[in-house]
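Architecture at a glance
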Amino acid sequence: MLYLSENLKKYRIMKGLTQEDVADYLGITAQSVSKWERNESYPDIDFLPALANIFETSVDLLIGMDVIRAEKTRYNIHKTANEFQRKGDYDSAEKVYRDALLIYPNKPGMILGLAGVLALKGKSAEAVELIEKGLPLSINEKQKSTMRAALCFLYLKCGDHEKAAELAATLPHTRESREVIQPLIARGLDPDEIDLNIKNILLGDGKEIW
C-alpha cells in the first residue's frame, strides 16, 4: 500500500471532506484517519471498499495500482531497449524509446534513454540536445552521472572541446570521473576512441541506470 496514505489525503481534499467526515462515515476516530494519512498505520482491508466509495474512486486507484503499473511498464520499456542495445540492434532500441516518448513525453528516463541510443548510433547532435533536455528533469544520480560523462565525449564529437572540458571538470569521483575523462579530453581522441568511450560509459558495466 505504498501510495495509500498520500492518496487518502489527496482524494479527501478533492472531495472537500475533513478527517472527521471520513471518520464519521466509517464509525472510527478522526485520529485513526490522521494516522493513515501520515503513513503511521494502515486501514483494515475491509475499509478499502468503503473508502473508495466515499471518494468515488476504485480500490486500485486508492492504493496506487495505476502508479505501480505505470512504473512496471516503464521498467519493461527500458529493459527491452537495453536488450536490443546489447545485441547491437540500435534501430529497434531507438524505435522502442521513440514509441515510449509518445506516451511519456516528459519522463527523463525515456528522454535520456533515447539520447543514449542515438549516441551509440553516432547521431551526436540530437543526442546532445536530448541529454541537455533530460538532465535537469532527472532525479536519478546514477543516471545523471552516466549521461554527463557520455555528454563530454558527445561534445567532442560535435567539435565543442571547450564544453567537453568544462563539463568534465564538474564530474564526480566515480567511474565516470573527472580524473578519468579530463586527461583524455586534454590528450585528444580520434573519432573511434570517442565512440569507444561513449559505448563503454553507456553499456560498459551492464548495470541498469534507468
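What comes next is a walk through the structure.

Brief notes about helix H3 (residues 30-37)
- Those residues of H3 that sit buried are Ala 30, Val 33, Ser 34, Trp 36 and Glu 37. Viewed end-on, H3 has its buried residues packed into an arc of 160°, placing them on one side of the element.
- Its buried side turned inward, H3 meets helix H1 (4-14), helix H2 (19-26) and helix H4 (48-55).
- Immediately beyond the C-terminal end of H3, within one or two residues, lies Asn 39, with a positive phi of roughly 65°.

A look at the environment of Leu 202
- Relative to the assigned elements, Leu 202 resides in helix H13 (residues 191-203).
- By relative accessible area, Leu 202 is classed as buried at 12%.
- Residues Leu 202 and Leu 130, spaced 72 residues apart in sequence, show a C-alpha to C-alpha distance of 15 Å.
- Among residues more than four places away in sequence, those in contact with Leu 202 are Gly 116, Ala 119, Leu 120, Thr 146, Met 147 and Ala 150.

Some details on helix H6 (residues 65-86)
- Compared with the 32 Å implied by 1.5 Å per residue over 22 residues, the 31 Å span of H6 between its first and last C-alpha is a close match.
- Taken as a whole, H6 has its buried residues at Arg 74, Ile 77, His 78, Ala 81, Asn 82 and Gln 85. End-on view of H6: buried residues confined to an arc of 125°, all on one side of the axis. Facing away from the buried side of H6 by over 90 degrees, the exposed positions are Lys 72 and Tyr 75.

About the criteria used
- Residues numbered from 1 in each chain as written.
- Predicted model: local features only at pLDDT ≥ 70, side-chain atom pairs only at ≥ 80, totals over all residues.
- Heavy atoms only, no water.
- Buried < 20%, exposed > 50% of the residue type's maximum accessible area, 1.4 Å probe, protein only.
- Helix = DSSP H or I, 4+ residues; strand = E, 2+ residues; numbered from the N terminus.
- Arc of directions from axis to C-beta.
- Contact = heavy atoms within 4.5 Å.
- Expected span 1.5 Å × (residues − 1).

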